[in-house]
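The residues making up each chain are set out below.
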Amino acid sequence: MPDIVSIKIDNVEVRAPAGANLLQVARDNGFDIPGLCYHPKVSVTGACRLCIVKIAGRPGMVPACTVQATDGLVVTAFDEELESMRRMLIDLLLSEHNCDCMTCESAGNCELQDLAYRYSLDNRSRKFAARERVLPEPDTSSPVLAYDPSKCIVCARCIKGCEEVQGKGVLSFANRGLETIVTAGLGEWATSECDGCGECVQLCPTGAIIEKLPELPPRSWEVEKIQTTCSYCGVGCQLEMWVKDNKVIKVRGAEAVPNYGSTCIKGRFGHTYIDKFDRLTTPLIRRNGKLEPATWDEALSLVKENLLKIKQEHGPDAIAGLASANCTNEENYLFQKFMRASVGTNNVDHCARLCHA
Ligand code: SF4
Ligand code: SF4
Ligand code: SF4
Ligand code: FES
């Protein structure tokens, strides 16, 4: 089999690695085939059927995300029949969805909403009446996220992200048919093994799993999205900060190296300290039992004075240094050099041993 294969999509010849996912190949070549359950980070589910295409020589319509690229495939991505079927599938999804877009935090950042708009599925043109589902109340027990079953399209992206990307396997489906929901652990997020990494939030195509934020966030189109490097540790994850009025509202993982959207709990949720009124912004020196603001020169002189005093009185091994993962590798290198060469001790450690190991 050739390494690179040639495929025809809507009469356009495209080349792709043999075995590549057909939906991804089509999208990479500008064919905007819809699809809600597919995500390049997780294995194929083939649940939503929105990515249906026709393949010459095969009967009916097949979900493109379940097809591997082979030489000579002739694919129809768009025709009236396919588009009408996709429209019907979205209509069906909406018939069992709590279409609460007016007050939904995900409005403007929701793949289902985008598709409803793209296929002009307004209230009057929907063919399927809302279907009654008996669902539990939203699970808000996690300290960092909330799950609303009424906005869940049962695509499995969260379950697979938790299992395949994070290796945790906290989530699964519970119940059957219209009542199917995502459940954490034995039924409650708070008592599950969830560590709050937020991979499920990142991968959810709707507003079913969202961050728990300290205050009602602005609408998604009101924020400026700024890519930056997480400062919590040396991995250098790329973050997308959602900023309004110079305030970080929430954080999503940026789809870039090295993390491709994933983060740990601190990178994604530990940003509220930025605006905390009691955040330290200047060194403090304890004078007469009371911490008082000082300049960096004053603080560093005091540290130097006391380090020399301890070394003279008790020897260098009476001193230990704990470095921070907030610093760069180069800064940590300098720190251990300082401890070993200047202070004269090997008592040097790093907080990564506690929280990043
Ligand atoms: S999840 Fe999406 S479609 Fe559902 S209410 Fe929220 S914005 Fe609307
Ligand atoms: S936050 Fe992370 S660990 Fe918790 S359920 Fe979501 S993906 Fe799994
Ligand atoms: S919570 Fe979101 S990602 Fe998970 S199954 Fe429901 S819609 Fe899909
Ligand atoms: S994206 Fe292919 S079936 Fe859902």
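Note that this is a predicted model, so its numbers are computed, not measured.

Before going further, it helps to spend a moment on the overall build of the protein. For the protein, the helix and strand inventory stands at nine helices and 16 strands. By its C-alpha atoms, the protein is 85 × 50 × 40 Å across when sized along the principal axes. Partitioning the contacts of the protein with sequence separation of at least 6, the portion at a separation of at least 24 is 55%. One way to put it: in the protein the 40 positive side-chain charges average out to a point 1 Å from where the 46 negative ones average out.

A separate point is the site of ligand 2. Taken together, Leu 145, Cys 162, Lys 168, Leu 171, Trp 189, Cys 194, Asp 195, Gly 196, Cys 197, Gly 198, Glu 199 and Cys 200 form the complete shell of residues around ligand 2. The residue makeup of the shell around ligand 2, split by class, is seven nonpolar, two polar and three charged.

Before going further, it helps to examine the site of ligand 1. With respect to spatial proximity, the complete set of residues near ligand 1 consists of His 97, Asn 98, Asp 100, Cys 101, Cys 104, Ser 106, Ala 107, Cys 110, Thr 206 and Gly 207. Split into classes, the residues belonging to the shell around ligand 1 amount to four nonpolar, five polar and one charged.

Our next topic: the domain arrangement of the protein. Under the domain assignment used here, the protein contains domain 1 (4–78), domain 2 (213–279) and domain 3 (284–355). Each of domain 1 and domain 3 has a C-alpha centre, and the two are 58 Å apart.

Reported here for the largest pocket is a volume of approximately 530 Å³. Counting residues per element, the ones that place at least two in the lining of the largest pocket are α3 (111–118), α5 (199–203), β11 (238–244) and β12 (247–253). Looking at the lining of the largest pocket, its residues break down into twelve nonpolar, seven polar and nine charged. Among the domains, domain 1 (4–78) and domain 2 (213–279) are the pair contributing at least three residues each to the lining of the largest pocket.

Right, let's talk about the pairing of β12 for a bit. Within β12, six of the seven residues are buried, which leaves the element mostly enclosed by the surrounding structure. Counting the residues that bridge the hairpin from β11 to β12 gives two residues, and of these Asp 245 lies at a positive phi of roughly 50°.

Here we come to the pattern of salt bridges. Inspection of the entire model under this criterion finds 13 salt bridges. Across the pair Lys 168 and Asp 195 runs a salt bridge whose closest N-O atoms are separated by 3.0 Å. Taken as a pair, Lys 168 in the loop between α4 (157–165) and β7 (171–174) and Asp 195 in the loop between β8 (181–184) and α5 lie far apart in primary sequence, 27 residues in all. Note on Asp 195: relative accessible area 39%, which makes it partly exposed. Note that Glu 215 and Lys 247 form a salt bridge whose closest N and O atoms lie 3.3 Å from each other. Of this pair, Glu 215 sits in the loop between β9 (209–211) and β10 (224–229) while Lys 247 sits in strand β12, and the two are 32 residues apart along the sequence. Shared partners join several salt bridges into a network, and the residues in it are Lys 54, Asp 79 and Glu 81.

Once that is clear, we can look at the nonpolar core. Ile 7, Ile 9, Leu 22, Ile 33, Val 53, Ile 55 and Val 75 are the most contacted members of the largest nonpolar core, which has 24 residues in total. Those elements that provide at least two residues to this core are β1 (4–9), β2 (12–17), α1 (22–28) and β3 (52–55). If sequence neighbours within four positions are ignored, Ile 33 has contacts with Leu 23, Ala 26, Arg 27, Leu 50, Cys 51, Val 53, Ala 77, Phe 78 and Arg 86. By size, the runner-up hydrophobic cluster in this structure holds 20 residues, among which are Cys 158, Ile 181, Ala 208 and Phe 269.

Right, let's talk about the sheet that holds β1 for a bit. With respect to topology, five strands assemble into an open sheet ordered β2-β1-β5-β3-β4, the strand pairing being mixed. The open sheet is flanked by β2 and β4 (62–63), the only strands paired with a single partner. Contacts from helix α2 (residues 80–95) reach β3 and β5 (74–76), with the element oriented near 155° to β3.

Residue Pro 258 is bonded to the preceding Val 257 through a cis peptide linkage, with omega at 5°. Position of Pro 258 relative to the elements: it lies in the loop between β12 and α6 (265–269). The phi angle at Ala 156 is positive, at roughly 80°, despite the residue not being glycine. One can find Ala 156 in the loop between β6 (145–147) and α4. Overall, Ala 156 belongs to the buried group, its relative accessible area being 7%.

Calculation notes
- Each residue is numbered by its place in its chain's sequence as written, counting from 1.
- Chains and ligands are labelled by the order in which they are written, letters from A for the one and numbers from 1 for the other.
- In keeping with the predicted nature of the model, local features appear solely for residues at pLDDT of at least 70, side-chain atom pairs appear and are counted solely at 80 or more, and the whole-chain, interface and lining totals rest on all residues.
- Each side-chain value is worked out from all heavy atoms of the structure, with water and hydrogens disregarded.
- Counting from the N terminus, the helices are DSSP H or I runs at least four residues long and the strands are E runs at least two residues long.
- Contacts between residues were defined by any pair of non-hydrogen atoms, one from each residue, lying within 4.5 Å.
- His is not counted, nor are the chain ends; Lys and Arg add positive charge and Asp and Glu add negative charge.
- Charge positions are represented by NZ for Lys, CZ for Arg, CG for Asp and CD for Glu.
- By convention in these notes, a residue is near a molecule or strand provided one of its non-hydrogen atoms lies within 4 Å of it.
- Under the grouping applied here, Gly and all other residues not named as nonpolar or charged are polar, the nonpolar ones being Ala, Val, Leu, Ile, Met, Phe, Trp, Tyr, Cys and Pro and the charged ones Asp, Glu, Lys and Arg.
- Reported domain spans reflect what an automatic or database domain assignment gives.
- Space inside and on the surface of the protein is sampled on a 1 Å grid over the protein atoms alone, with a cavity defined as a set of points where a 1.4 Å probe fits but cannot get out and a pocket as an open set with protein on both sides within 12 Å along at least 5 of 7 lines; lining residues have an atom within 4 Å of a point.
- Grid points are joined across faces, edges and corners, and a volume is the space filled by probe spheres set on the points.
- Working definition: with a 1.4 Å probe on protein chains only, accessible area under 20% of the residue-type maximum means buried, over 50% means exposed, and in between means partly exposed.
- Any two strands with at least two DSSP-identified bridges between them are counted as paired.
- Salt bridge, as used here: a side-chain nitrogen of Lys or Arg that lies within 4 Å of a carboxyl oxygen of Asp or Glu.
- Side-chain atoms within 4.5 Å link the members of a nonpolar core, which is a set of buried Ala, Val, Leu, Ile, Met, Phe, Trp, Tyr and Cys residues.
- Working convention: axes come from line fits to C-alpha atoms, limited for helices to the stretch in contact. Angles between N-to-C directions cover 0 to 180 degrees.

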